[in-house]
Amino acid sequence: MFKAVVTDLDGTLLNAEHKVNEFTRETVELLLQKGIKFYIATGRNYSGAKEAMNELGVKIPLITSNGARIIDENGNEIFSNNLKREYLDKILDIDYKSFGQNIIITGYSGSNWFVTEDLREYFYNKKPDRTRYPEQITFEEFKRNDFTKIFFIGEKHDELLNLENEIKKAVGEKNISILFASERSLEIFPADCSKVKAAKIVLERDGLTLKEAVSFGDGLNDYGLIAETGLGFAMGNSIYLLLEKLTDTEVIDSNANDGMAKKVRELFDL
């Protein structure tokens, strides 16, 4: 019998507007009432994950920055790991704008979210009711910070693919974790961090194992989680790179159609 659920946020638990549907909120409430543990594992930073947690109306551990930072249900940090300085410097020395003038760099430093350009219009167009924006700083200030995760946002996937190859050449593919959470977001975080490793930490803290957990995700950063938990599911809206690796995994309905919540109700007889 499964005793826990670990889920991604954007593209998975959240709907197409990056909000919590009432059906999903009620599903999580029923799940917890039944004694099943529930965890969020996201590429977002703490404040972004907490925003979704508050919408759910629960207090749970939050795996953030793709597993590079974990915050417990009381807001206390229980794990954090930054990108190594030598690798971060090599990445930031790359002229990323040469791969596409519209590519933007942003990153999570502790609980802070930094960006080097004014992104309010960009994020407003994606989510008009957004209340949380990154802090704009100069690129020189950006380079002086430590980060659990940096990511490049672009409108053209092929430009980001070319940038990915350049970063791998400059840093060494084994020295960092670099992947696409979506076709427009190229994410980089410490090589020894992942959602599944972080999930193992919080599950063991609660006396559980990965094999006792069910997981859901839509991005390449969810691969390990889906592959190593007792049962994993890919969303119908998953990035093609994830589906190419999970050929034997059940693909469920999309996040726009409450796919995760529907499957949870089915699995746990809610």
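Our subject is the structure that appears above.
Every value quoted in this text rests on a predicted model; they were computed, and no experiment measured them.

Parameters at a glance
- Residues numbered from 1 in each chain as written.
- Predicted model: local features only at pLDDT ≥ 70, side-chain atom pairs only at ≥ 80, totals over all residues.
- Heavy atoms only, no water.
- Helix = DSSP H or I, 4+ residues; strand = E, 2+ residues; numbered from the N terminus.
- Rg over C-alpha atoms; globule rule 2.2 N^0.38 Å.
- Buried < 20%, exposed > 50% of the residue type's maximum accessible area, 1.4 Å probe, protein only.
- Contact = heavy atoms within 4.5 Å.
- Areas by Shrake-Rupley, 256 points an atom, 1.4 Å probe, with all protein chains shown as cover.
- Lys, Arg positive; Asp, Glu negative; His and termini not counted.
- Charge placed at Lys NZ, Arg CZ, Asp CG, Glu CD.
- Phe/Tyr/Trp six-rings, centres within 6.5 Å; stacked < 30°, edge-to-face > 60°.
- Lys NZ or Arg CZ within 6 Å of the ring centre and 35° of its normal.
- Pairing = 2+ DSSP bridges.
- Axes fitted to C-alpha atoms, helices over the stretch in contact; angles between N-to-C directions.
- Core = buried A, V, L, I, M, F, W, Y, C linked by side-chain atoms within 4.5 Å.
- Arc of directions from axis to C-beta.

Novice: Lay out the overall build of the protein chain in plain terms, naming residues and giving numbers.
Specialist: In terms of helices and strands, the protein chain carries 11 helices and 14 strands. Taken over C-alpha atoms, the radius of gyration comes to 18 Å for the protein chain, in line with the 18 Å a tight globule of 270 residues would show. Reported as C-alpha extents along the three principal axes, the dimensions of the protein chain are approximately 50 × 40 × 35 Å. Sorting the 270 residues of the protein chain into buried and exposed places 54% on the buried side. Of the contacts formed within the protein chain by residues at least 6 apart in sequence, a portion of 60% connects residues at least 24 apart. Entry remark: accessible area of the protein chain is about 11900 Å², with carbon and sulfur atoms responsible for 45%. Positive and negative side-chain charges in the protein chain, numbering 35 and 45 respectively, have mean positions lying 3 Å apart.

Novice: Account for the packing of aromatic side chains, with residues named and values stated.
Specialist: According to the stated counting rule, one finds 7 aromatic pairs in the structure shown. Relative to phenylalanine 152, the ring of tyrosine 96 has its centre 5.4 Å away and its plane inclined at 55°; by these criteria the two rings are tilted. Placement of the pair is tyrosine 96 in the loop between α4 (85-92) and β6 (104-109) and phenylalanine 152 in strand β9 (residues 149-153), with a sequence separation of 56 residues. In this pair, the class of tyrosine 96 matches that of phenylalanine 152, namely buried. The lysine or arginine in question, lysine 149, covers the ring of phenylalanine 151, its NZ or CZ lying 4.4 Å from the ring centre. The ring of tyrosine 223 has lysine 245 sitting right over it, with the charged end atom 4.0 Å from the ring centre.

Novice: I'd like a description of the sheet that holds strand β3 (residues 62-64), backed by residues and values.
Specialist: Strand order in the open sheet formed by 8 strands is β5-β4-β3-β2-β1-β12-β13-β14, with mixed pairing between adjacent strands. The sheet is open, and its two edges are formed by β5 (77-80) and β14 (250-251), each paired on a single side. Here 3 bridges tie β3 to strand β4 (residues 69-71), and the two strands are oriented antiparallel to one another. In the sheet register, threonine 64 faces β4, and the bridge partner there is arginine 69. Docked against the sheet, helix α3 (residues 46-56) engages β2 (37-41), β3 and β4, running at close to 145° with respect to β3. The strands that helix α11 (residues 259-268) touches are β1 (4-7), β12 (213-217), β13 (231-234) and β14; relative to β12, the one it contacts most, it runs at about 165°.

Novice: I'd like a rundown of the nonpolar core, residues and numbers included.
Specialist: Of all hydrophobic cores here, the largest spans 35 residues; its most connected members are Ile150, Phe152, Leu163, Ile167, Ile176 and Ile188. Those elements giving two or more residues to this core turn out to be α4, β9, α7 (157-171), β10 (176-182), β11 (185-190) and α10 (240-245). Ignoring sequence-local partners within four residues, the contact set of isoleucine 150 consists of Leu83, Leu88, Ile91, Leu92, Thr106, Gly107, Phe142, Leu186, Glu187 and Ile188. Counting 27 residues, the second largest nonpolar core, distinct from the first, contains Val5, Leu31, Met235 and Met260.

Novice: Lay out helix α8 (residues 195-205) with the relevant residues and their values.
Specialist: Every buried residue of α8 is accounted for by Lys195, Val196, Ala198, Ala199, Val202 and Leu203. All buried residues of α8 lie within an arc of 155° about the axis, which places them on one face of the element. Phi turns positive one or two residues past the end of α8, at glycine 207, with a value near 75°.

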